Amino acid sequence: MTAAAVEAGSVPAVLRPALEKFGFAERWRTATIAGVLGGNITKRMVSRGGFAGRRRRLAMADGTVDGFEILGPMFVKLGQLIASSPGAFPKELADACLRCLDDVPPFPAAAARATVEADLGRPMTELFREFDDRPLSAASVAQVHACVLLDGREAVVKVQRPDIARRMIVDLRAAYRLAGLLEKRSENARVANAQGVVRDLYETTVAELDFRNEAENQARARANLGAFGDNSHVTVPEVFWEYCGPRVLCMERMRGMPLDRFDDIRLVHPDPELLIRRLVKVWLESLITHGLFHGDVHAGNLWLLEDGRAAMLDFGIVGRMAGPWRDFVAALFHASAIDGDFRPVARSLRELDMVDAEAGDDATVGRQLATALAPVLAGQLANLDMGKVAGRLVEFGKRRNASGPEQLMLMGKQLAYFERYAKALAPGWRLGQDLYLFRNIFPDEVAAKAAATGLELPAD
């Protein structure tokens, strides 16, 4: 596979096994899941002596997460999804799912080597000058090994766990059937759209299980960095296409530290605030200008490199924001950073059929939006928390029997991550008011406002 093949759109379609299939393996797994969850919920209830009220809800939530951790990677991912969407689930369950960790032991190096050779069709000696059998990291779907290519380039190889695809699909089918049963018996499950949650997880998982999709996402993100010529301080690892396959992803090796090593970053970086601003600027441009954005910017995927640049890693989860929704998000940020006028936001919502014809003109709907966002805005746009804004806007749509794309919630989750890093590395900085972030998105407006206020923006 080559970069040219990506541009030509010839990356193979992902194999899509039917989610609704339910054979012997799924029946057996369903029984196992029910037993594990039921047993752990009962154990928690007995240990707490709680069979009613809040104590019962807490016991059920903790018992459910105990079961998720026993049942393995697919259910850990389900827990992570629930934790990242707290408004859609009972608070007790969303809070309990915060302890779902993607932390698993590595699998044997012999299995990793076998997968690489099977996918790439050549023995290891014809592929690498060196291959480190000790993984750099291990997660639920894959682990990463350091290597040196035959031409001397340092690289890392992400290798999928043996048989993980089959096991995850079986788990998803079983979870889908159980979710349907829960929706018939539980109002909370019906309101949370339990089957929809599993189907969303299925869509994400199917894409993640073919590493050529991640390679394509990463290559496009790297190419998009150069669109405006001013993002040289942020990078994405180069994909080495000749070493990639359905279960193998090879890329340039980068050395540095994850963004959440706050004390170390403050020691080695001369301007931590600028570091955050550069990362957010690139991410916003990817969201609004290009439509493809990193969908999992937890600190392990954002690094400060030894050469002072910031890096975005791991493009297994990305968001794709369609044109009309990108217009809506652009209008939202324009109101935040440029002029505080929510009428264009109202027009975008109207075009997306999220506003009834009887709701009034754009000025009226704009005032309604401002009211809906008032607790977040706290009376001052300078205090704008964009992660919370995204959540409020989704609620705004739901009250009108309309719903935005799931990508809007994915966007909000990433903004919440960035807000968290900013609190540690750039206290006092407000994402929603920083003109630097939008200079390539609203170039004329930013230039005019910066000139009027005498504000100097960083060159890069």
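In this text, all values refer to a predicted model and were calculated from it rather than measured experimentally. (Residues numbered from 1 in each chain as written. Predicted model: local features only at pLDDT ≥ 70, side-chain atom pairs only at ≥ 80, totals over all residues. Heavy atoms only, no water.)

Novice: Help me understand the confidence of the model for the protein in this model?
Specialist: A low pLDDT means the predicted coordinates there should not be read in detail. In the predicted model, the protein carries a mean pLDDT of 84, and the fraction of residues at 70 or more is 85%. Low pLDDT, under 50, characterises residues 1-14; the predicted model gives this stretch 20 contacts beyond four residues in sequence or across chains. Here residues 374-384 is a poorly scored stretch, pLDDT under 50, and it has 21 contacts once near neighbours within four places are set aside; other chains count. (pLDDT = per-residue confidence, 0-100. Contact = heavy atoms within 4.5 Å.)

Novice: Would you mind showing me how to read empty space enclosed by the protein here?
Specialist: Where empty space is left in the structure can be found by rolling a water-sized probe over the atoms. Scanning the model with the defined rule gives two cavities of 30 Å³ or more in all. Roughly 140 Å³ of internal volume is contained in the largest cavity. Lining the largest cavity we find 15 residues, and of these Ala221, Asn224, Leu225, Val282 and Ser286 sit closest to its centre. Residue assignment for the lining of the largest cavity shows that the elements contributing at least two residues are α10 (211-224), α12 (272-290) and β8 (292-294). Tallied by class, the residues present in the lining of the largest cavity amount to nine nonpolar, five polar and one charged. Empty space within the second largest cavity amounts to approximately 40 Å³. As for the second largest cavity, its lining consists of Met74, Phe75, Leu78, Leu172, Ala175, Val198 and Leu201. Looking at the lining of the second largest cavity, the elements with two or more residues in it are α4 (73-83), α7 (164-185) and α9 (194-209). By residue number, the principal contributor to the lining of the second largest cavity is α4, which donates three residues. For the lining of the second largest cavity, the class distribution of residues is seven nonpolar, no polar and no charged. (1 Å grid on protein atoms, 1.4 Å probe; cavity = no way out; pocket = protein on both sides within 12 Å on 5 of 7 lines; lining within 4 Å. Points joined across faces, edges and corners; volume = space filled by probe spheres on them. Helix = DSSP H or I, 4+ residues; strand = E, 2+ residues; numbered from the N terminus. Nonpolar A, V, L, I, M, F, W, Y, C, P; charged D, E, K, R; others polar.)

Novice: Explain the layout of surface pockets here, please?
Specialist: Quantified by volume, the second largest pocket comes out at close to 980 Å³. Along the walls of the second largest pocket sit 31 residues, with Met60, Thr64, Leu93, Leu182 and Ala189 positioned nearest its centre. Going through the elements one at a time, α2 (24-48), α3 (53-71), α4, α5 (91-96), α7, α8 (187-191) and α9 are the ones with two or more residues in the lining of the second largest pocket. Grouping the amino acids of the lining of the second largest pocket by side-chain chemistry returns 23 nonpolar, four polar and four charged.

Novice: Would you take a moment to explain α4 for this structure?
Specialist: For the α-helix, the turn length of 3.6 residues means that residues three or four positions removed from each other point alike. Counting buried positions over the eleven residues of α4 gives nine, a clear majority of the element. Residues of α4 that are buried: Pro73, Met74, Phe75, Val76, Lys77, Leu78, Gly79, Ile82 and Ala83. The elements touched by buried residues of α4 are α2, α3, α5, α7 and α9. (Buried < 20%, exposed > 50% of the residue type's maximum accessible area, 1.4 Å probe, protein only.)

Novice: Quick question: what am I supposed to make of the pattern of salt bridges here?
Specialist: Note that side chains of opposite charge can pair when their charged atoms are close. Applying the stated rule across the entire model yields 30 salt bridges. The residue Asp66 makes a salt bridge to Arg99 at a minimum N-O spacing of 2.9 Å. Placement of Asp66 in helix α3 and of Arg99 in the loop between α5 and α6 (109-120) is noted, with a sequence separation of 33 residues between them. Here Asp66 falls in the buried class, since its relative accessible area comes to 15%. Two residues, Arg212 and Asp210, come together in a salt bridge whose shortest N-O distance is 2.8 Å. Note on accessibility: Arg212 and Asp210 belong to one class, buried. Among the ionic contacts, a cluster of salt bridges with common partners joins Arg44, Asp62, Asp66, Glu69 and Arg99. (Salt bridge = Lys/Arg side-chain N within 4 Å of Asp/Glu carboxyl O.)

Novice: Looking at this structure, I do not really get the nonpolar core. What am I missing?
Specialist: Leu259 and Trp283 are the most contacted members of the largest nonpolar core, which totals 63 residues. The set of elements that each furnish at least two residues to this core consists of α12, β8, β9 (302-305), β10 (310-312), α13 (323-339), α14 (343-351), α15 (362-377) and α17 (406-425). Counting residues per element, this core draws most heavily on α13, which supplies ten residues. Apart from residues lying up to four places away in sequence, Trp283 is in contact with Phe293, His294, Val297, Met312, Met411, Gln414, Leu415 and Phe418. Ile33, Phe89, Val144 and Ile169 belong to the second largest nonpolar core, which has 47 residues in total. (Core = buried A, V, L, I, M, F, W, Y, C linked by side-chain atoms within 4.5 Å.)

Novice: For this particular structure, what's the right way to read the sheet that holds β10?
Specialist: Paired through backbone hydrogen bonds, the strands of a sheet run either parallel or antiparallel to each other. In space, the four strands of this open sheet follow the order β5-β10-β9-β7, with mixed pairing throughout. On the outer flanks of this sheet lie β5 (234-235) and β7 (256-258), each paired with one strand and no other. For β9 and β10, the ladder comprises three bridges, and the chain directions are antiparallel. Bridging from a neighbouring strand, Trp303 pairs with Ala311 of β10. Sitting on the sheet, α12 is in contact with β5, β9 and β10, with an inclination near 35° to β10. (Pairing = 2+ DSSP bridges. Axes fitted to C-alpha atoms, helices over the stretch in contact; angles between N-to-C directions.)

Novice: How do you make sense of the side chain of Asn301 when you look at a structure like this?
Specialist: Relative to the assigned elements, Asn301 resides in the loop between β8 and β9. At a separation of 2.7 Å, a polar atom in the side chain of Asn301 contacts the main-chain carbonyl oxygen of Asp296. (Polar contact = N/O pair within 3.5 Å; in protein donor to acceptor, adjacent residues only side chain to side chain.)

Novice: Sorry, what's going on with the packing of α7 against α9 here?
Specialist: When two helices pack together, their arrangement is given by the angle between the helix axes and the distance between those axes. Relative orientation of the contacting elements α7 and α9 amounts to 170°, with a least axis distance of 8 Å. As summarised for this structure, α7 and α9 are arranged roughly antiparallel, according to the angle between their axes. Listed contacts from α9 to Ile164, Ala165, Met168, Ile169, Leu172, Ala175, Tyr176, Ala179, Gly180 and Glu183 of α7 are Ala194, Gln195, Gly196, Val198, Arg199, Leu201, Tyr202, Thr205, Val206 and Leu209. For the contact of α7 with α9, the class distribution of residues is 14 nonpolar, four polar and two charged. (Parallel < 35°, antiparallel > 145°, perpendicular 65-115°, else oblique.)

Novice: Quick question: what am I supposed to make of the pairing of strand β6 (residues 248-252) here?
Specialist: Where a strand is regular, its side chains alternate between the two sheet faces. Counting buried residues in β6 gives four out of five residues, a clear majority hidden from the surface. Here five bridges tie strand β4 (residues 154-160) to β6, and the two strands are oriented antiparallel to one another. By the bridge assignment for β6, Val159 is matched with Val248.

Novice: Sorry, what's going on with unusual backbone geometry here?
Specialist: What you tend to see is this: most non-glycine residues have negative phi, and most peptide bonds are trans. One non-glycine residue, Asp163, lies in the positive phi region at around 65°. Tracing the chain through its elements places Asp163 in the loop between β4 and α7. In this model, Asp314 sits at a positive phi of 65°, which is unusual for a non-glycine residue. Within the secondary structure, Asp314 is located in the loop between β10 and β11 (318-320). Asp314 gets classed as partly exposed once you look at its relative accessible area, which sits at 29%.

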